[in-house]
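For reference, the chains in residue letters:
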Amino acid sequence: MKLKVVTPDRVVLETEDVEAVYAQTVDGDVGILPRHIPMVTPLAIDVLRFVKQGQKEQIAIMGGILRTNGKEVSVLADAAELATEIDLVRAQQAKERAEARLRQLNSTVDEGRAKLAMTRALTRIRLKQTKP
Ligand code: ATP
């Protein structure tokens, strides 16, 4: 299959010969193999895993939409990064900021926004620290 990950800024990944894609949708895990039934589904903020020529690879996806027709898998996301692109210190700082906001919840803090920022930071940290 072909796998393409696009954000408003750039094409983050475009690759062929992908044997399987494993993603976290808002309703749970999905595994996509060639000839998967056509599908469009919203994605959770999480690490997307895929297998290319027998090699496991990963990419962090900050939510978005996944579409497949069984030959191609495309993801449209607000942001996405390969492990090599992630700045770990920046992600740790984002996590600390989110933690501080969630600790001192008051009327000026948008709890939902802080939780999303926390999930993005934790996803980036996890991808940076785990092998595929
Ligand atoms: P921050 O508060 O550090 O900006 P964020 O979660 O609010 O983090 P996003 O809005 O998800 O950031 O992303 C904004 C842009 O910055 C995107 O292009 C994203 O790929 C990039 N980005 C965010 N955090 C990192 C990081 N730790 N390493 C590399 N790129 C990052």
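Residues numbered from 1 in each chain as written. Predicted model: local features only at pLDDT ≥ 70, side-chain atom pairs only at ≥ 80, totals over all residues. Heavy atoms only, no water.

Topic: the side chain of threonine 25
Step number 1: Looking at where threonine 25 falls in the secondary structure, it is placed in strand E3 (residues 18-25).
Step number 2: On the accessibility criterion, threonine 25 (8% relative accessible area) is buried.
Step number 3: A distance of 3.0 Å separates a polar side-chain atom of threonine 25 from the backbone nitrogen of aspartate 27.
Step number 4: Separated by 2.8 Å, the side chain of threonine 25 and the backbone oxygen of glycine 28 make a polar contact.
Step number 5: Not counting residues within four places of it along the chain, the set of residues in contact with threonine 25 comprises Val30, Thr41, Pro42, Leu43 and Ala44. (Helix = DSSP H or I, 4+ residues; strand = E, 2+ residues; numbered from the N terminus. Buried < 20%, exposed > 50% of the residue type's maximum accessible area, 1.4 Å probe, protein only. Polar contact = N/O pair within 3.5 Å; in protein donor to acceptor, adjacent residues only side chain to side chain. Contact = heavy atoms within 4.5 Å.)

Comments concerning the environment of asparagine 69
Step number 1: One can find asparagine 69 in the loop between strand E6 (55-68) and strand E7 (72-76).
Step number 2: Setting aside residues no more than four positions away along its own chain, asparagine 69 makes contact with His36 and Pro38.
Step number 3: Only 2.8 Å separates the side chain of asparagine 69 from the backbone nitrogen of lysine 71, close enough to count as a polar contact.
Step number 4: A polar atom in the side chain of asparagine 69 sits 2.9 Å from the backbone nitrogen of glutamate 72.

Looking at a positive patch on the surface
Step number 1: Side chains of Arg90, Arg97, Arg101, Arg113 and Arg120 sit close together on the surface and give a patch of like positive charge.
Step number 2: Of all the secondary-structure elements, those providing two or more residues to the positive patch are helix H1 (88-103) and helix H2 (111-129).
Step number 3: When residues in the positive patch are grouped by element, the largest group, three residues, is from H1.
Step number 4: Relative to the helices and strands, arginine 113 is located in helix H2.
Step number 5: Assessed through its relative accessible area of 64%, arginine 113 is described here as exposed. (Patch = residues over 30% accessible without salt bridge, like charges linked within 9 Å, V, L, I, M, F, W, Y side chains within 5 Å. Areas by Shrake-Rupley, 256 points an atom, 1.4 Å probe, with all protein chains shown as cover. Salt bridge = Lys/Arg side-chain N within 4 Å of Asp/Glu carboxyl O. Lys, Arg positive; Asp, Glu negative; His and termini not counted. Charge placed at Lys NZ, Arg CZ, Asp CG, Glu CD.)

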